[in-house]
Amino acid sequence: MLIVALLALSGCGDTRDEGADGGRDTDTAEAEPDEGQHPPGWEAATVHGAAAKLKEQVCTDCHGEDLTGGPGAVSCDTCHEAGWRTDCTYCHGGVDNATGAPPEGIRDETAAAETRYPPHSTHVEATALKSAYDCVQCHVKPTDILSTGHVFLGDDTPAVADLSFVAGLSSAATWDGNGTCSNVYCHGNGQGNNGRVEATADVGCGDCHAVTNTDGGGWVGMAGRHQPHLEAGLLCAECHGDVVNDAGAIVDVARHVDGEIDVRLVSGMTRSGNNCTGMCHNEVHEVRIWVEPGR
């Protein structure tokens, strides 16, 4: 699942894993083990970290399935700092924030443009449009480094960050491997898993659904009676005031792109199921249907 590179052994070498190539001493890495132990320099993260994440060496063969050693074996905890097994950033890195995003590339690329998926940080941090998303939106999230399918146990695809959207908002999403997500809710029009976005795209409100200043033709595909309301000059805030204000800015990111439709009508209006009642802009609504039956 999420592929990691073991970082520095606390007190035993560098503090970062430079990856499979960068900074690696090839001669040292290829040296023959001395009396059955690791070759000289193995404690450096640039050597043993790269071998672990690329499955060049299987740590559990010698350190035990739980990495705590065994008869004649040394526990990884002897050198690794306390808590390393559950600290995502210890292995994944993370140069923008404490979430570990964007994670270092499999060869320790840290610049977003060089990583497999540049907008990691945009997804895991809160923005002006949404709250922070957890890793479960796109991956099976391990509880620790020994979770089955993660790195050491049951990982059949070393050096690959496996995707799984089933636990997220976009459960039907697909990734083409070249920077495009399809069948996504989070970049759709709010009516299901119908969005498509490229990883390099700079998206705003109008890129997902029509907005108040959209050309009239863009309102046609909106749900229910959005089109006539917008054509009459109503603002989004008049029905969705808990989410957006009159200026079109999101006022509660936790309610936006969260899989739920939040409706709060203006004073004097009530909504019951699919019907609206009350006075809005001097027009009486008497059990006015929002979505026609069968639509």
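## Some words on the state of the cysteines
No. 1: Enumeration over the complete set of coordinates arrives at zero disulfides.
No. 2: There is no disulfide at Cys208, and the cysteine sulfur nearest it, in Cys205, is 8.0 Å away.
No. 3: Here Cys276 stays free of any disulfide, with the sulfur of Cys239 as its closest cysteine sulfur at 7.0 Å.
No. 4: By relative accessible area, which is 11% here, Cys276 ends up buried.

## Focus on helix H2 (residues 45–53)
No. 1: Extensive coverage of H2 is indicated by the burial of nine of its nine residues.
No. 2: Buried within H2 are the following residues: Ala45, Thr46, Val47, His48, Gly49, Ala50, Ala51, Ala52 and Lys53.
No. 3: Phi turns positive one or two residues past the end of H2, at Lys55, with a value near 60°.

## So, the pairing of strand E4 (residues 269–272)
No. 1: Of the strand pairs in this sheet, E4 and strand E5 (residues 275–280) are connected by four bridges, and their pairing is antiparallel. Following the sheet pairing, Thr270 is matched in E5 by Thr277.

## A closer look at the environment of Asn245
No. 1: Tracing the backbone through its elements, the reader meets Asn245 in the loop between helix H7 (237–240) and E4.
No. 2: The spacing of Asn245 and Leu235 is ten residues in sequence and 8.7 Å in space, taken between C-alpha atoms.
No. 3: If we skip the residues at most four places from it in the chain, Asn245 touches Ala237 and Val251.
No. 4: One polar contact links the side chain of Asn245 to the main-chain amide nitrogen of Ala249, over a distance of 2.9 Å.

## Remarks on the packing of aromatic side chains
No. 1: One pass over the structure, following the stated rule, counts one aromatic pair.
No. 2: Between the aromatic rings of Tyr117 and Trp175, the centroid separation amounts to 5.4 Å while the plane-to-plane angle is 80°, which identifies the pairing as edge-to-face. Taken together, the residues Tyr117 in the loop between helix H4 (88–92) and helix H5 (120–124) and Trp175 in strand E1 (residues 174–175) connect sequence positions 58 residues apart.
No. 3: Judged by relative accessible area, which is 18%, Tyr117 ranks as buried.
No. 4: We classify Trp175 as partly exposed; its relative accessible area is 23%.
No. 5: The lysine or arginine in question, Lys130, covers the ring of Tyr133, its NZ or CZ lying 4.6 Å from the ring centre.

## Quick word on unusual backbone geometry
No. 1: Within the chain, Asn183 stands out as a residue other than glycine whose phi angle is a positive 60°.
No. 2: Position of Asn183 relative to the elements: it lies in strand E2 (residues 180–184).
No. 3: The partly exposed category is assigned to Asn183, whose relative accessible area is 35%.
No. 4: One non-glycine residue, Val287, lies in positive phi territory at about 50°.
No. 5: Residue Val287 is classed as partly exposed on the basis of its relative accessible area, which comes to 44%.

## Looking at the sheet that holds strand E6 (residues 283–289)
No. 1: With antiparallel pairing, the three strands of this open sheet are ordered in space as E4-E5-E6. Single-partner strands in this sheet number two, and they are E4 and E6. Across this sheet, the average inter-strand angle for adjacent strands is 5°, counted without regard to direction.
No. 2: In the sheet, E5 pairs with E6 via five bridges, with the strands oriented antiparallel. Within E6, the residue paired with Asn275 across the bridge is Ile289.

Basis of the calculations
- Residues numbered from 1 in each chain as written.
- Predicted model: local features only at pLDDT ≥ 70, side-chain atom pairs only at ≥ 80, totals over all residues.
- Heavy atoms only, no water.
- Disulfide = S-S within 2.5 Å.
- Buried < 20%, exposed > 50% of the residue type's maximum accessible area, 1.4 Å probe, protein only.
- Helix = DSSP H or I, 4+ residues; strand = E, 2+ residues; numbered from the N terminus.
- Pairing = 2+ DSSP bridges.
- Contact = heavy atoms within 4.5 Å.
- Polar contact = N/O pair within 3.5 Å; in protein donor to acceptor, adjacent residues only side chain to side chain.
- Phe/Tyr/Trp six-rings, centres within 6.5 Å; stacked < 30°, edge-to-face > 60°.
- Lys NZ or Arg CZ within 6 Å of the ring centre and 35° of its normal.
- Axes fitted to C-alpha atoms, helices over the stretch in contact; angles between N-to-C directions.

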